[in-house]
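Chain residues, written in single-letter form:
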Amino acid sequence: MIALNAEVEQRIRVEGEKAYPNECCGFLLGPPPSAHSGEKRIDGIAAVENAWEPGEQYHRFVITPEDFMHAEKEALKQNREILGIYHSHPDHPARPSDYDREQAMPYYSYIIVAVEKAKAHEVTSWNLTADRDHFLEEEVTVWQ
Ligand SMILES: [Zn+2]
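What this report covers is the structure whose coordinates are included nearby. Note that this is a predicted model, so its numbers are computed, not measured.

### Examining the overall build of the protein chain
Helix and strand content of the protein chain: three helices and nine strands. Its helices and strands in sequence order give the protein chain the pattern β-α-β-β-β-α-β-α-β-β-β-β, from N to C terminus. Its C-alpha atoms give the protein chain a radius of gyration of 14 Å, within 12% of the compact-globule value 15 Å for 144 residues. Seen through its principal axes, the protein chain has C-alpha atoms that stretch 40 × 35 × 30 Å. Split into buried and exposed, the 144 residues of the protein chain put 42% on the buried side. The contacts in the protein chain between residues at least 6 apart in sequence include a share of 65% that link residues at least 24 apart. Taking the average location of the 14 positive side-chain charges in the protein chain and that of its 26 negative ones, the two points are 4 Å from each other.

The structure is reproduced here in structure tokens:
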């Protein structure tokens, strides 16, 4: 289960709309999940540049290792962790692609926002199984 601060949910939508017709991407940040419930509470995002070649950004995103390291350092300074990654699907459903699965790692949550004709729609979240075979959808809740 993943819980988004309402402001975070809104920012992810806006990032998706801004990047349209390309994919946006960035990190989901929050305190370390409680060992008890395992629930992730996302209270911030760090938008990063889609580093994929410009002509293909409408259906691909990639985050550079440098951006990853930088985000991790910044999160640590704020006693937060990178708990997942968000990206947008311009004119495609909020379902992970085969490419998304190949790039994903277990543990992280993968939020996808569907953006149709520059307007953000459904927001979903996904966890990769430990054997990296497939994604399982996880429930998204929003808190104020
Ligand atoms: Zn995708």
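From this point, the discussion proceeds with the structure in view.
### Some points on the pattern of salt bridges
Using the criterion set out here, one finds seven salt bridges in the structure. The closest approach of N and O atoms between Lys119 and Glu17, which form a salt bridge, is 3.6 Å. With Lys119 in strand E7 (residues 119–128) and Glu17 in helix H1 (residues 6–19), this residue pair connects regions lying 102 residues apart in the sequence. The exposure class of Lys119 is exposed, given its relative accessible area of 52%.

### Points about the layout of surface pockets
Of the pockets and cavities examined, the largest pocket occupies roughly 260 Å³. Counting only elements with at least two residues in the lining of the largest pocket, the list comes to strand E5 (81–90), helix H3 (98–103) and strand E6 (109–116). Considering each element in turn, the lining of the largest pocket owes the most residues, three residues, to H3. Along the lines of polarity and charge, the residues of the lining of the largest pocket split into 13 nonpolar, two polar and one charged.

### Concerning the packing of aromatic side chains
Inspection of the entire model under this criterion finds five aromatic pairs. Relative to Tyr108, the ring of Phe68 lies with its centre 6.3 Å away and its plane at 55 degrees, an arrangement referred to as tilted. Here Tyr108 lies in the loop between H3 and E6 and Phe68 lies in helix H2 (residues 65–77), a separation of 40 residues in the sequence. For the pair Phe68 and Tyr108, one class covers both residues: buried. An aromatic cluster of three or more residues is present, and its members are Phe27, Phe68, Tyr107 and Tyr108. Between Lys40 and the ring centre of Tyr107, over which it is positioned, the NZ or CZ distance is 4.8 Å. Its guanidinium or amino end placed over the ring of Tyr99, Arg60 lies 4.5 Å from that ring's centre, counting from NZ or CZ.

What counts and what doesn't
- Residues numbered from 1 in each chain as written.
- Predicted model: local features only at pLDDT ≥ 70, side-chain atom pairs only at ≥ 80, totals over all residues.
- Heavy atoms only, no water.
- Helix = DSSP H or I, 4+ residues; strand = E, 2+ residues; numbered from the N terminus.
- Rg over C-alpha atoms; globule rule 2.2 N^0.38 Å.
- Buried < 20%, exposed > 50% of the residue type's maximum accessible area, 1.4 Å probe, protein only.
- Contact = heavy atoms within 4.5 Å.
- Lys, Arg positive; Asp, Glu negative; His and termini not counted.
- Charge placed at Lys NZ, Arg CZ, Asp CG, Glu CD.
- Salt bridge = Lys/Arg side-chain N within 4 Å of Asp/Glu carboxyl O.
- 1 Å grid on protein atoms, 1.4 Å probe; cavity = no way out; pocket = protein on both sides within 12 Å on 5 of 7 lines; lining within 4 Å.
- Points joined across faces, edges and corners; volume = space filled by probe spheres on them.
- Nonpolar A, V, L, I, M, F, W, Y, C, P; charged D, E, K, R; others polar.
- Phe/Tyr/Trp six-rings, centres within 6.5 Å; stacked < 30°, edge-to-face > 60°.
- Lys NZ or Arg CZ within 6 Å of the ring centre and 35° of its normal.

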